[in-house]
Amino acid sequence: MTTPPNAQPAPVALLTGAGTGIGREAAQELSSRGWRLLLAGRREAPLLETGGMLSGPWHALATDVRSAEQCQAAVDAAARHFGRLDALINNAGFAPSQPVPKHTPDLIDEVFAINAQGPAYLMTAAWRLFERQNAEDHAKGLEPRGGRIVNISSMASVDPFPGLFAYAGAKAALNLLTRAAHREGADLGIRCFALAPGAVETAMLRTILDTDILPPSRTLPPRAIAVVIADCLEGKHDDHAGEVILLPSP
């Protein structure tokens, strides 16, 4: 079967934190729906493991979101390997649990760098590519795709658990970045979402709370978040674009 000359290619998403937890589940869900994926994360080995679980095209790139240069390189890699980028999922996170007085300057810097600054670097880099692609699609007589951004926030941004002082603040900043970007991008067809899950059964959660305090029966499976991510990218939650979508745990 030949592809019609004006047919749109399969969409491409850049997913951070793709090596474990929510990121791995999101990669599998999106791949099953026909998305091509740029898998980004600090460690290459888990990314390659995730890639081996996928049914469709993927490329892995070790990326530290604390670096603006590496964030730009990840966006460039998506364009180079797949020819375009249609969506960005900022899923990488860092949630140390410490009392307020034990939040050192270095710890605060790292929490905000991973949970707020890194997503902002990626959003601006992806935005420039979205705008260029939309102009190119229009020139070719294709319907511009706009662009989609899903930021993984946390219920801690609205109801912080003790010990999550900097993390809660960084995720609250991510919520506002989402809203500001969505308002600016509306006329460009760029849709932005913030998902704020409660406790999700991941390795990161278990660095904060053990099962004696929070049993798995009271947590969300990572796949539940992955499905909402994919649905946001496919337009099923457009009525809530620009908002913080709360996903409380049981």
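Above: the structure in question.
The rules behind these values
- Residues numbered from 1 in each chain as written.
- Predicted model: local features only at pLDDT ≥ 70, side-chain atom pairs only at ≥ 80, totals over all residues.
- Heavy atoms only, no water.
- Core = buried A, V, L, I, M, F, W, Y, C linked by side-chain atoms within 4.5 Å.
- Buried < 20%, exposed > 50% of the residue type's maximum accessible area, 1.4 Å probe, protein only.
- Helix = DSSP H or I, 4+ residues; strand = E, 2+ residues; numbered from the N terminus.
- Contact = heavy atoms within 4.5 Å.
- Pairing = 2+ DSSP bridges.
- Expected span 1.5 Å × (residues − 1).
- Polar contact = N/O pair within 3.5 Å; in protein donor to acceptor, adjacent residues only side chain to side chain.

Visitor: I would appreciate a short explanation of the nonpolar core in the present structure.
Guide: Nonpolar side chains in soluble globular proteins tend to end up buried together. In this structure, Leu37, Leu39, Ile89, Val150, Leu195, Ile229 and Leu233 are the most contacted members of the largest nonpolar core, which totals 31 residues. Among the elements of the structure, strand S1 (12–16), helix H1 (21–32), strand S2 (36–41), strand S4 (87–90), strand S5 (147–152), strand S6 (190–197), helix H7 (222–233) and strand S7 (244–247) are those that each provide at least two residues to this core. In terms of residues, this core owes the most to one element, H7, which gives seven residues. Ignoring any residue separated from it by four or fewer positions in sequence, one finds Ile89 in contact with Ala13, Leu14, Leu15, Thr16, Leu30, Val150, Ile152, Ile229 and Leu233.

Visitor: Sorry, what's going on with the pairing of strand S3 (residues 58–62) here?
Guide: The side chains of a regular strand alternate between the sheet's two faces. Where S2 meets S3, five bridges bridge the pair, whose relative direction is parallel. Paired with Leu39 across the strands is Ala60, a residue of S3.

Visitor: How should I be thinking about helix H4 (residues 105–139) in this particular structure?
Guide: Residues lying three or four places apart along an α-helix face the same way, a consequence of the helix completing one turn every 3.6 residues. Its 35 residues place the ends of H4 49 Å apart at the C-alpha level, agreeing with the 51 Å of an ideal helix rising 1.5 Å per residue. Immediately downstream of H4, the backbone of Gly141 shows phi near 80 degrees, a positive value.

Visitor: Sorry, what's going on with the side chain of Thr50 here?
Guide: Residue placement: Thr50 occurs in helix H2 (residues 44–51). Since its relative accessible area comes to 0%, Thr50 is described here as buried. A polar contact of 2.9 Å, which involves the side chain of Thr50, links it to the backbone oxygen of Ala18. Discounting chain neighbours no more than four positions away, the residues touching Thr50 are Ala18, Gly19, Arg24, Ala27 and Leu39.

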